[in-house]
Amino acid sequence: MLRAVAVLEWTGDAGKPKKSRLVPISIFNGEELADADIYLARPQPLALDSEVVYELKKTGKNIGLFEVQNAGQEQGLWVGYGKWKPMPAPRREAAKPMAPVDETYDDRPVLHRKHPAGDATGKTGSKGSDEPTLHRKDSGGDTSGSGPAPDPDRPTLHKPKGSGSDDSASADDPDRPRLKKEKGAAKKPEDVGHVESLPEVTDPDRPRLKRGKSEGSDAEVAPSLMGIPVDMQQTVAVSDARDLPEHPWVFHWSNPDDELTMKAALEAAARTALGLEPPPAPPAPKAKTKSARAKTPPAPPEPSPLADEQFRVFELAYGSGATLVLSAHTDTPPGEQKFVTLIAQPDFYGGLQILLKNVADARHLDDAPRMRLVDAVDAEADNRGELLFEMRGATARHFTLYRVLRGRAEPLFSTGDASLGPQGE
């Protein structure tokens with residue numbers, strides 16, 4: 001049992017990207033998680049074998065398929081190239097035609113008795129006049145004298161000559177139907193991975209991930225997406241040898257007001273982590289005389305804005321509570337930005353419990369990378385979701401799976417660092 005997790009990155013529209021690449025993350029072999037970038041690399045990793053199909057997911061819902069066609073390395077990191085395809089339409093069984101209903105049908109049982117000898121038909125021991133009679137042809141080809149002569153217009157089936165036990169003789173019949181194979185039919189390609197300018201993999205014991213139906217085309221997709229463009233989008237991709245049902249990770253609030261309350265509390269915690277606490281309101285001026293009217297106190301200052309705010313709520317297991325994730329950064333020039341990511345859960349008293357806080361600044365991203373949420377994903381096929389984050393630095397990045405359990409958020413698996421060059425390339 002193998003289950004691979006990857007991240008599809010692309011620019012352009014979803015479903016019809018201009019450029020795209022598949023970054024392998026992890027492979028679960030039934031016992032533990034392994035780095036998909038190096039797992040059974042002969043020479044390309046197993047997760048990027050040709051014709052391996054990934055299901056693209058958004059919060060657990062399938063949004064498309066991605067078929068790997070070839071793989072290559074970008075600055076030391078294995079990535080796959082292929083095509084984004086729509087989800088196949090569900091099969092519908094053809095409705096069986098209903099038998100016609102006889103409206104004159106009577107549900108009372110009726111018993112029929114065989115005509116005895118000397119009955120009303122007037123014939124002793126014979127069948128009814130309207131009942132057909134079967135006659136056996138004798139060896140001489142003549143019918144018995146007691147039966148009627150054969151109908152000359154009755155069609156007769158003839159067996160071809162030499163059709164006894166020798167089946168090869170039937171091939172001489174000019175009217176015999178034959179199945180013909182189309183000329184030039186494409187031969188199904190060998191079920192192995194392929195990388196340009198690298199030797200083919202022919203190991204018969206190599207395990208396989210989910211395969212799609214080959215179209216018989218050996219065309220490869222050239223590398224296109226390089227670096228980290230500003231408009232790059234990401235989504236989770238999963239490939240499993242089994243067909244498992246969807247597991248949406250969306251949390252549904254019983255009271256919509258609770259979501260707004262929790263979001264406001266999480267935003268306040270993010271501003272505190274970024275040092276964006278608003279200054280205290282000035283005290284109201286005191287009246288000089290008793291008869292003077294007290295002035296209206298000034299309104300509190302507006303909270304500092306959070307740029308590029310992303311707020312999502314997950315239900316990471318059936319029947320579990322809400323898990324909140326908020327990411328944002330300061331509204332300052334790029335070189336002076338500070339980033340924050342918070343993972344939190346509501347507590348028993350209606351408050352907010354912060355499980356993880358990540359704060360980074362643009363000047364020290366290589367020492368402390370910023371956390372960017374990709375999505376929730378079931379990495380071990382146990383119906384429990386993990387949070388997949390991209391840990392992005394100034395010149396390198398890696399991915400980390402976090403498991404949220406029993407009021408704690410801890411890293412479950414992390415890939416190796418890989419250089420990507422300057423951001424915005």
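Refer to the structure printed above.
Residues numbered from 1 in each chain as written. Predicted model: local features only at pLDDT ≥ 70, side-chain atom pairs only at ≥ 80, totals over all residues. Heavy atoms only, no water.

The next point concerns helix H1 (residues 256-274). Its 19 residues give H1 an end-to-end C-alpha distance of 28 Å, which sits within 8% of 27 Å, the value for a rise of 1.5 Å per residue. Residues Met262, Leu266, Glu267, Ala270, Arg271, Ala273 and Leu274 constitute the buried set of H1. In the core, the buried residues of H1 are packed alongside strand E8 (307-314), strand E9 (323-329), strand E10 (338-346) and strand E11 (352-361). Looking one or two places after H1, you find glycine 275, whose phi comes out positive at around 75 degrees. (Helix = DSSP H or I, 4+ residues; strand = E, 2+ residues; numbered from the N terminus. Expected span 1.5 Å × (residues − 1). Buried < 20%, exposed > 50% of the residue type's maximum accessible area, 1.4 Å probe, protein only. Contact = heavy atoms within 4.5 Å.)

What follows is about unusual backbone geometry. For the bond from arginine 42 to proline 43, the omega torsion is -5 degrees, close enough to zero to count as cis. The phi dihedral of threonine 59 is positive, around 55 degrees, even though this residue is not glycine. With respect to the secondary-structure elements, threonine 59 resides in the loop between strand E4 (53-58) and strand E5 (61-74). Here the phi dihedral of arginine 406 falls at roughly 55 degrees; this positive angle occurs in a residue that is not glycine. Here arginine 406 lies in the loop between strand E14 (396-405) and strand E15 (408-414). We classify arginine 406 as exposed; its relative accessible area is 74%.

This part takes up the sheet that holds E11. The antiparallel open sheet is built from four strands, whose spatial order is E8-E9-E10-E11. Sheet topology places E8 and E11 at the edges, where each strand pairs with a single neighbour. The mean inter-strand angle of the sheet, taken between neighbouring strand axes irrespective of direction, is 10 degrees. The pairing of E8 with E9 spans six bridges and is classified as antiparallel. From the neighbouring strand, glutamine 310 faces E9, where its bridge partner is serine 327. Here H1 sits on the sheet in contact with E8, E9, E10 and E11, set at roughly 140 degrees to E10. (Pairing = 2+ DSSP bridges. Axes fitted to C-alpha atoms, helices over the stretch in contact; angles between N-to-C directions.)

What follows covers the packing of aromatic side chains. Throughout the structure, instances matching the rule amount to three aromatic pairs. Note on tryptophan 10 and tryptophan 84: the rings are 5.1 Å apart at their centroids and 90 degrees apart in plane angle, and the pair reads as edge-to-face. One end of the pair, tryptophan 10, is in strand E1 (residues 3-13); the other, tryptophan 84, is in strand E6 (residues 77-85), and 74 residues separate them in sequence. Each member of the pair, tryptophan 10 together with tryptophan 84, is buried. Taken together, a centroid distance of 5.6 Å and an interplanar angle of 90 degrees make the contact between phenylalanine 389 and tyrosine 402 edge-to-face. (Phe/Tyr/Trp six-rings, centres within 6.5 Å; stacked < 30°, edge-to-face > 60°.)

The buried fraction of E5 amounts to 10 of the 14 residues, a majority that puts the element mostly inside the structure. What sits between the antiparallel neighbours E4 and E5 is a turn of two residues, in which threonine 59 has the positive phi angle 55 degrees. Pairing geometry for E5 and E6, over nine bridges, is antiparallel. Of the residues in E6, the one forming a bridge with glutamate 74 is leucine 77. Here E5 hands over to E6 after two residues, with glutamine 75 in that stretch at a positive phi of 50 degrees.

Evaluation of the coordinates by the stated rule reveals 16 salt bridges. Here aspartate 240 ties to arginine 242 by a salt bridge, and the two come within 3.4 Å at their closest N and O atoms. Exposure remark for aspartate 240: the relative accessible area of 4% places this residue in the buried category. Among the ionic pairs, arginine 403 bridges to glutamate 386, the shortest N-O distance being 2.5 Å. With a gap of 17 residues between them, arginine 403 in strand E14 and glutamate 386 in strand E13 (residues 386-392) connect regions that are remote in the sequence. A relative accessible area of 0% means that glutamate 386 is categorised as buried. Connected through shared salt-bridge partners, Glu9, Arg21, Glu74, Arg372, Glu390, Arg392 and Arg397 make up one network. (Salt bridge = Lys/Arg side-chain N within 4 Å of Asp/Glu carboxyl O.)

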